[in-house]
Amino acid sequence: DQSLHLRFSNNQRNLTIPVNGVDVAVPLINIGPFGPSVTSKTNRNVIETYGMATVRNGTVSNARNLTLGTNYFFKPTDNIGNKSIPDYETYANKHVFRAAIAGCATDIRVFAGQRKEGFNINAGEIFDLVNTNPVGARDGEGNDLADKNITTLALEVPIACLRNGTEPVIGAWSTASLQRSDGSWQQVSRLSAPLVNEVVIGLPDKDRFNASRPVNDSTFAKYVTNPTLPELIEVLFPGVQAPNQFPRTDLVAAFLTGVPGLNQPAKVRPAEMMRLNTTIKPKPAAEQRSLGVLEGDTAGFPNGRRPGDDVVDIELRVAMGVLLPESAAPSGQLPYTDGAIISANEFRSTFPYLNTPIPGSPREARPN
């Protein structure tokens, strides 16, 4: 069992300007343009840094920033706009750092900062009782996140540093925690496969799921073995039939154990995490299929997840029984979609892979 922890800090410099003979602190995070230097403090009112540590079998070890020779890393300021940061791509790229972590003989790479949102979903219509044609064109609707940015924590770690002995399948999940007034930390979010908390876990248990660890997922098993989403789709679209096989062992494999022969470890305990068979070689963007394993691309979701995997379409089809025989899922082979398509070719080919974030200004640089 191993984990990587990133803890962020803001250093407020409290820059002032003279007003009527009095030095008064400014309300902005910068008082002039800056970049591309990582360490320069010129015109910057807030410097964002983070530390990184590994925890292996209870032993905590701080990571080393090999690029700067420090025990801390810099997060780039968000893309305020072209006047504040004239060349944001160059500025952000300088915040990709080489790092050394305990137990890993090879350097890793790390980036923590704002990127253009890479997830793709027709969120408004899907969550409005699927107010769209669920078997329409895969590119028939818009991506509601096309004009959004997101804070990204990106790590590139050699496979040998992640494997546990000879087991080729690894499992991973992420959490976010907030510090309480007494100094302790409280987990407030958890994520591995997207949309599990949103469309699988029942409303009364969402907060409990977000605060939990995968080792305790047996308490949420009913939501996977007896899913509600297919039944809701059947009610909303009377011509569609939800799968009639229970318990839904196909969903247990997809979300909790990994799929036998693909990404299920030898000694698996059901737990919702992202599982990856590290012996399956990755594919270049031009060869990737956006429906991943459903299109025969075993290097894609749910065997790990790539930015170009159309997770929403995949999960809709799996929930409706694409992995089941027709007798158990009469409507399981329909081409379910949210209508917002995605492709691996939309992303950059170099780390951290997600695109340069959209600037706050000028207005014409922002998507409509």
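In case you missed it, the structure is sitting above this.
The present account deals with the structure reproduced in this document. Being a predicted model, the structure only gives us computed values, none of them experimental.

## Here's the deal with the overall build of the protein
Then, in step 1: The secondary structure content of the protein amounts to eight helices and 14 strands.
Then, in step 2: For a compact globule of 368 residues, the expected C-alpha radius of gyration is about 21 Å, and the protein comes in at 23 Å, within 12% of that figure.
Then, in step 3: Expressed as lengths along the three principal axes of its C-alpha atoms, the size of the protein is roughly 80 × 50 × 45 Å.
Then, in step 4: For the protein, the residues scored as buried account for 42% of the 368 residues in total.
Then, in step 5: When the accessible area of the protein is evaluated, it comes to approximately 19200 Å², of which 53% is carbon and sulfur surface.
Then, in step 6: Side-chain charges of the protein comprise 35 positive and 36 negative groups, with the mean position of each set lying 9 Å from the other.

## Side note on a nonpolar patch on the surface
Then, in step 1: The grouping of Ile17, Val19, Val22 and Val24 at the surface amounts to a nonpolar patch, some 300 Å² of accessible area in total.
Then, in step 2: Inspection of the secondary structure assignment puts valine 24 in strand β3 (residues 22-25).
Then, in step 3: Under the relative-accessibility criterion, valine 24 is labelled partly exposed at 38%.

## What about the nonpolar core?
Then, in step 1: Counting residues in each nonpolar core, the largest one holds 31 residues, and the members touching the most others are Phe119 and Val196.
Then, in step 2: Broken down by secondary-structure element, the contributors of at least two residues to this core are α5 (221-225), α6 (229-236), α7 (249-257) and α8 (311-319).
Then, in step 3: The element that contributes the greatest number of residues to this core is α8, accounting for six residues.
Then, in step 4: When near neighbours in sequence (up to four residues on either side) are disregarded, phenylalanine 119 contacts Asn143, Leu145, Pro194, Leu195, Arg305, Val311 and Val312.
Then, in step 5: Core analysis: the next-biggest nonpolar cluster, separate from the first, contains 15 residues, Val38, Tyr50, Ala112 and Cys161 among them.

## Regarding the environment of leucine 68
Then, in step 1: Looking at the element boundaries, leucine 68 is found in the loop between β6 (64-65) and β7 (73-74).
Then, in step 2: Residue leucine 68 is classed as partly exposed on the basis of its relative accessible area, which comes to 32%.
Then, in step 3: It is 53 Å that separates the C-alpha atoms of leucine 68 and isoleucine 233, two residues lying 165 residues apart in sequence.
Then, in step 4: Every residue in contact with leucine 68, bar those within four places of it in the chain, is listed here: Val38, Thr39, Phe74 and Phe97.

## Re the pattern of salt bridges
A side chain of one charge can pair with a side chain of the opposite charge when the charged atoms of the two come close.
Then, in step 1: Under the definition given, this model contains 14 salt bridges.
Then, in step 2: Between arginine 98 and aspartate 107 there is a salt bridge, and its shortest N-O distance comes to 2.7 Å.
Then, in step 3: Take arginine 98: its relative accessible area is 37%, and that puts it in the partly exposed class.
Then, in step 4: Classification of aspartate 107 as partly exposed rests on a relative accessible area of 35%.
Then, in step 5: Between arginine 248 and aspartate 250 there is a salt bridge, and its shortest N-O distance comes to 2.9 Å.
Then, in step 6: Note on arginine 248: relative accessible area 1%, which makes it buried.
Then, in step 7: A cluster of three or more residues bridged by salt bridges with shared partners is formed by Lys283, Asp297, Arg306 and Asp309.

## Quick word on the environment of threonine 175
Then, in step 1: Tracing the chain through its elements places threonine 175 in strand β12 (residues 174-179).
Then, in step 2: Distance in space between the C-alpha atoms of threonine 175 and leucine 191 is 6.4 Å, their sequence separation being 16 residues.
Then, in step 3: Those residues in contact with threonine 175 that lie beyond four places of it in its chain are Gln187, Ser189 and Arg190.

## Digging into the sheet that holds strand β10 (residues 149-156)
Then, in step 1: Taken together, four strands build an open sheet; the order of strands is β6-β8-β9-β10 and the sheet is antiparallel. Lying at the two open borders of the sheet, with one neighbouring strand each, are β6 and β10.

## Things to note about the packing of α7 against α8
Then, in step 1: Look at α7 against α8: their axes get within 10 Å of each other, and the N-to-C directions meet at 150 degrees. With respect to each other, α7 and α8 are oriented roughly antiparallel. Between α7, through Asp250, Leu251, Ala254 and Phe255, and α8, the contact on the second element is made entirely by Glu315, Val318 and Ala319.
Then, in step 2: Split by residue class, the contact of α7 with α8 holds five nonpolar, no polar and two charged.

## Digging into α6
An α-helical turn contains 3.6 residues, so any two residues separated by three or four positions project in the same direction.
Then, in step 1: All of the buried residues along α6 are Leu229, Pro230 and Ile233. Taken around the axis of α6, the buried residues stretch over an arc of 100 degrees, which confines them to a single face.

Analysis parameters
- Residues numbered from 1 in each chain as written.
- Predicted model: local features only at pLDDT ≥ 70, side-chain atom pairs only at ≥ 80, totals over all residues.
- Heavy atoms only, no water.
- Helix = DSSP H or I, 4+ residues; strand = E, 2+ residues; numbered from the N terminus.
- Rg over C-alpha atoms; globule rule 2.2 N^0.38 Å.
- Buried < 20%, exposed > 50% of the residue type's maximum accessible area, 1.4 Å probe, protein only.
- Areas by Shrake-Rupley, 256 points an atom, 1.4 Å probe, with all protein chains shown as cover.
- Lys, Arg positive; Asp, Glu negative; His and termini not counted.
- Charge placed at Lys NZ, Arg CZ, Asp CG, Glu CD.
- Patch = residues over 30% accessible without salt bridge, like charges linked within 9 Å, V, L, I, M, F, W, Y side chains within 5 Å.
- Salt bridge = Lys/Arg side-chain N within 4 Å of Asp/Glu carboxyl O.
- Core = buried A, V, L, I, M, F, W, Y, C linked by side-chain atoms within 4.5 Å.
- Contact = heavy atoms within 4.5 Å.
- Pairing = 2+ DSSP bridges.
- Axes fitted to C-alpha atoms, helices over the stretch in contact; angles between N-to-C directions.
- Parallel < 35°, antiparallel > 145°, perpendicular 65-115°, else oblique.
- Nonpolar A, V, L, I, M, F, W, Y, C, P; charged D, E, K, R; others polar.
- Arc of directions from axis to C-beta.

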